[in-house]
Amino acid sequence: MDSDKKEMPKHVGIIMDGNGRWAKKRNLPRTYGHKEGVKRVLDIVRAGYKMGIPYLSLFAFSTENWKRPQKEIDNLMFLLRTFLVEHVGELEENGVRLNVMGDLSALNEKTSRLVYEALNRTSKGDKMILNIGLNYGGQDEIVLAAKKIAEAVKEGSVGVEEIDSSLFESYLYTKGQPPLDLLIRPSGELRVSNFMLYQMAYSEFWFSNVLWPDFTESEFKKAIDDYQRRDRRFGGL
Ligand code: FPP
């Protein structure tokens, strides 16, 4: 099946998982798994814009990941900063606009400063939106949207009768973007782990046993090819 001729997913989400197990299999510290995982982030982002996928969402750090040892959290933040310092120019040159899903206020000053700089630098990108889940939780996102709508109703700028899915979506981190077409989860876990719960209502799922640091462009293409063979009915016939 030729992935160029069939319809590409417009929005792909990935729960990057398995970095720790990848390292453990090699008797290496978990940080090595995360470091290798960042290389795949770059590969998959590049593959995404080359293939013409206009929206890519990656789960980098969940609201629950704060429960990990501080050393591992610090390492993940360091890797994120390094990624931004080294690659924001490439994102900018290739028309990739970065968008963060999650509450940045919990990040330390040097990390959040680099994230805001990257958001500014890439803000004109019109080829791909790269959503990064950072201190992100899908339930939190929905609750936050509900709160903001309640406030808008209270101050009179939104009427209760105006609340529908399209208004609701405009209060999510993915405002103006299409819903998830394809959700990819490597590493053999069969769960959605609080990722993009609203956006995945009609998403197709691709689960694979490959650990994230081994999730190369060819694995990504397998997922896309499989997606292109699916018969999506959205509740119709
Ligand atoms: C899951 O592996 C992975 C994470 C919690 C972090 C994902 C983050 C990156 C790949 C790096 C930072 C991101 C960017 C965008 C530069 P795990 O540790 O849960 O693996 P395990 O389940 O095998 O222990």
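Just so we're clear, the structure is a prediction, and the values are computed from it rather than from any experiment. (Residues numbered from 1 in each chain as written. Predicted model: local features only at pLDDT ≥ 70, side-chain atom pairs only at ≥ 80, totals over all residues. Heavy atoms only, no water.)

1. Notes on a nonpolar patch on the surface
Reasoning step 1: Taken together, the side chains of L190, F205 and F207 present a nonpolar region at the surface, about 290 Å² in accessible area.
Reasoning step 2: Inspection of the secondary structure puts F207 in strand β6 (residues 204-207).
Reasoning step 3: By relative accessible area, F207 is classed as partly exposed at 32%. (Patch = residues over 30% accessible without salt bridge, like charges linked within 9 Å, V, L, I, M, F, W, Y side chains within 5 Å. Areas by Shrake-Rupley, 256 points an atom, 1.4 Å probe, with all protein chains shown as cover. Salt bridge = Lys/Arg side-chain N within 4 Å of Asp/Glu carboxyl O. Helix = DSSP H or I, 4+ residues; strand = E, 2+ residues; numbered from the N terminus. Buried < 20%, exposed > 50% of the residue type's maximum accessible area, 1.4 Å probe, protein only.)

2. Details of the sheet that holds β6
Reasoning step 1: Taken in spatial order, the six strands of this open sheet run β3-β4-β2-β1-β5-β6, and their pairing is parallel. Of all the strands in the sheet, the pair left with one neighbour each is β3 (96-101) and β6. Across the sheet, the mean angle separating the axes of adjacent strands is 20° when strand polarity is ignored.
Reasoning step 2: For β3 and strand β4 (residues 128-136), the ladder comprises six bridges, and the chain directions are parallel. (Pairing = 2+ DSSP bridges. Axes fitted to C-alpha atoms, helices over the stretch in contact; angles between N-to-C directions.)

3. Focus on the site of the ligand
Reasoning step 1: In the vicinity of the ligand there are 16 residues, among which D17, G20, R21, R30 and R68 approach most closely.
Reasoning step 2: With respect to the ligand, the side chain of D17 contributes an N or O atom lying 3.1 Å from an oxygen atom.
Reasoning step 3: Between R68 and the ligand, the recorded distance is 2.8 Å, taken from a side-chain N or O atom to an oxygen atom.
Reasoning step 4: Protein burial of the ligand: of its 620 Å² of free accessible surface, 92% is covered by the chains.
Reasoning step 5: Among the secondary structure elements, those contributing two or more residues to the shell around the ligand are α1 (19-25), α2 (30-51) and α3 (70-93).
Reasoning step 6: Considering each element in turn, the shell around the ligand owes the most residues, four residues, to α2.
Reasoning step 7: Split by residue class, the shell around the ligand holds six nonpolar, six polar and four charged. (Near = heavy atom within 4 Å. Polar contact = N/O pair within 3.5 Å; in protein donor to acceptor, adjacent residues only side chain to side chain. Nonpolar A, V, L, I, M, F, W, Y, C, P; charged D, E, K, R; others polar.)

4. Thoughts on the packing of α2 against α3
Reasoning step 1: Relative to each other, α2 and α3 sit at 30°, their axes nearing to 10 Å. One way to sum up the angle between α2 and α3 is to call them roughly parallel. Crossing hand, α2 versus α3: right-handed. Contacts between α2 and α3 involve R30, T31, H34, K35, V38, V41, L42, V45, R46 and Y49 on the former and, on the latter, E72, N75, L76, L79, F83, H87, E90 and L91.
Reasoning step 2: When grouped by side-chain class, the residues that make up the contact of α2 with α3 number nine nonpolar, four polar and five charged. (Parallel < 35°, antiparallel > 145°, perpendicular 65-115°, else oblique. Left-handed = near helix turned anticlockwise from the far one by under 90°. Contact = heavy atoms within 4.5 Å.)

5. Quick word on the pairing of β3
Reasoning step 1: With five of six residues buried, β3 is to be regarded as a mostly interior element.
Reasoning step 2: Note on the crossover from β3 through helix α4 (residues 109-121) to β4: the handedness is left-handed. (Right-handed = clockwise from strand over helix to strand, strands pointing away.)

6. A few points about the environment of T63
Reasoning step 1: Considering the arrangement of structural elements, one finds T63 in the loop between β2 (55-62) and α3.
Reasoning step 2: For T63, a relative accessible area of 22% translates into the label partly exposed.
Reasoning step 3: Separated by 27 residues in the primary sequence, T63 and E90 have C-alpha atoms spaced 28 Å apart.
Reasoning step 4: Discounting chain neighbours no more than four positions away, the residues touching T63 are N135, Y136, G137 and D140.

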